Amino acid sequence: MRIGIDLGGTNIAAGLINENLEIVEKDSVKTLRGADAVVSEMEVLAHSLCSQAGLRLSDIESVGVGSPGAVDSREGIVVYSNNLEFSDVPLAAMLGGKLGLPVRIGNDANVAALGEFHAGAGRKAASMALITLGTGVGGGIILGGRIYDGFNGMAGEAGHMTVVKDGALCTCGRNGCWEAYASATGLIRMTKDAIARHPESIMVQISEERGKVSGRTAFMAARQGDQAGNEVVDEYLSYVACGIANLINLLQPAMLCVGGGISHEGAYLIERLQPLVDAELYNVGERKTEMCLAELGNDAGVIGAAML
Ligand SMILES: [Zn+2]
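So, here's what we can say about the structure.

1. Observations regarding the coordination of the zinc ion
Now for step 1: On the protein side, the zinc ion has H160 (ND1), C170 (SG), C172 (SG) and C177 (SG) as donor atoms, found 2.0 to 2.4 Å from it.
Now for step 2: Coordination at the zinc ion is tetrahedral: its 4 donor atoms span angles of 106 to 121° at the metal.
Now for step 3: Within one chain, the residues serving as donors to the zinc ion are arranged as H-x9-C-x1-C-x4-C.
Now for step 4: Judged by its relative accessible area of 43%, C172 is partly exposed.
Now for step 5: Residue C177 is classed as buried on the basis of its relative accessible area, which comes to 0%.

2. Quick look at the sheet that holds strand β11 (residues 146–147)
Now for step 1: Read across the sheet, 5 strands follow the order β11-β10-β9-β12-β13 without closing on themselves; strand pairing throughout is mixed. Single-partner strands in this sheet number two, and they are β11 and β13 (290–293).
Now for step 2: Relative to β11, strand β10 (residues 137–143) runs antiparallel, the two sharing 2 bridges. Counterpart to I142 in the pairing with β11 is I147.
Now for step 3: Together, β9 (128–133), β10, β11 and β12 (255–259) form the strand contacts of helix α3 (residues 108–119), whose direction differs from that of β10 by roughly 50°.

3. Topic: the side chain of D149
Now for step 1: Along the chain, D149 falls in the loop between β11 and α4 (178–182).
Now for step 2: On the accessibility criterion, D149 (8% relative accessible area) is buried.

Criteria and thresholds
Residues numbered from 1 in each chain as written. Predicted model: local features only at pLDDT ≥ 70, side-chain atom pairs only at ≥ 80, totals over all residues. Heavy atoms only, no water. Donors = N, O, S within 2.8 Å, 3.2 Å for Na, K, Ca; no water. Tetrahedral: all angles 85-135°; square planar, octahedral: opposite > 155°, others 65-115°. Buried < 20%, exposed > 50% of the residue type's maximum accessible area, 1.4 Å probe, protein only. Pairing = 2+ DSSP bridges. Helix = DSSP H or I, 4+ residues; strand = E, 2+ residues; numbered from the N terminus. Contact = heavy atoms within 4.5 Å. Axes fitted to C-alpha atoms, helices over the stretch in contact; angles between N-to-C directions.

So this is what it looks like as structure tokens:
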């Protein structure tokens, strides 16, 4: 048995994972502020998971933690996390010291990719890149069954490759990052612009009924045949496809897995995305990267962390 912990800015989710990579016990708490408080919360979670399962801490093989931000997985340090307000926090040593167990840490998107590769959509693939289209755009690369995170643990930041030189300002300070266009945040911006230009669009009613413009507004309108909604979805997906084609051209992974909130659009998303990606691929051969949807949702982070 192993313990996987998905450390988020809002919640800490933890799970007890068996050798079939199934979650047998689960628990979560709200994330407190400060590294000491967070480590204490994780310690309490580890104890409660064990008691739920009738185990002792000494029955646990290892503990893994997926953390947001820049993570040096080799040194076990969260170098910087904006969400957690962490700077050079030796998280692996702090938690390992409390539990008396080996603790490994990794970046949350990389860790989710690892979980999805071994226990979810990537089970039969030889290699995989995962992207998450949510508030931001996350990425994780799995080669040879392991996370590829560069020499310093910080690779896989697909969201921060440029798709528009001198384009929209990204949260990272760079201009034109993929994240500024392909995130739900980018989609909401495009939807609001379109609503202002097209007061006849059903996007106006959809957003009024739901009290806000969301990442679903344009998709809902497009599914009902709304022209302006379709234009927004086409524009948004052209940016998503551009980044996906960049990743495939660079890596040629067996599988390109799409997760995050936008992936809840399901098969419709892949159907509209596939021709846009195909049109930009360098590969004209028979053996092509398969695009798929993530299957595990939030569980990917917990399972992947346990596999570190
Ligand atoms: Zn950026």
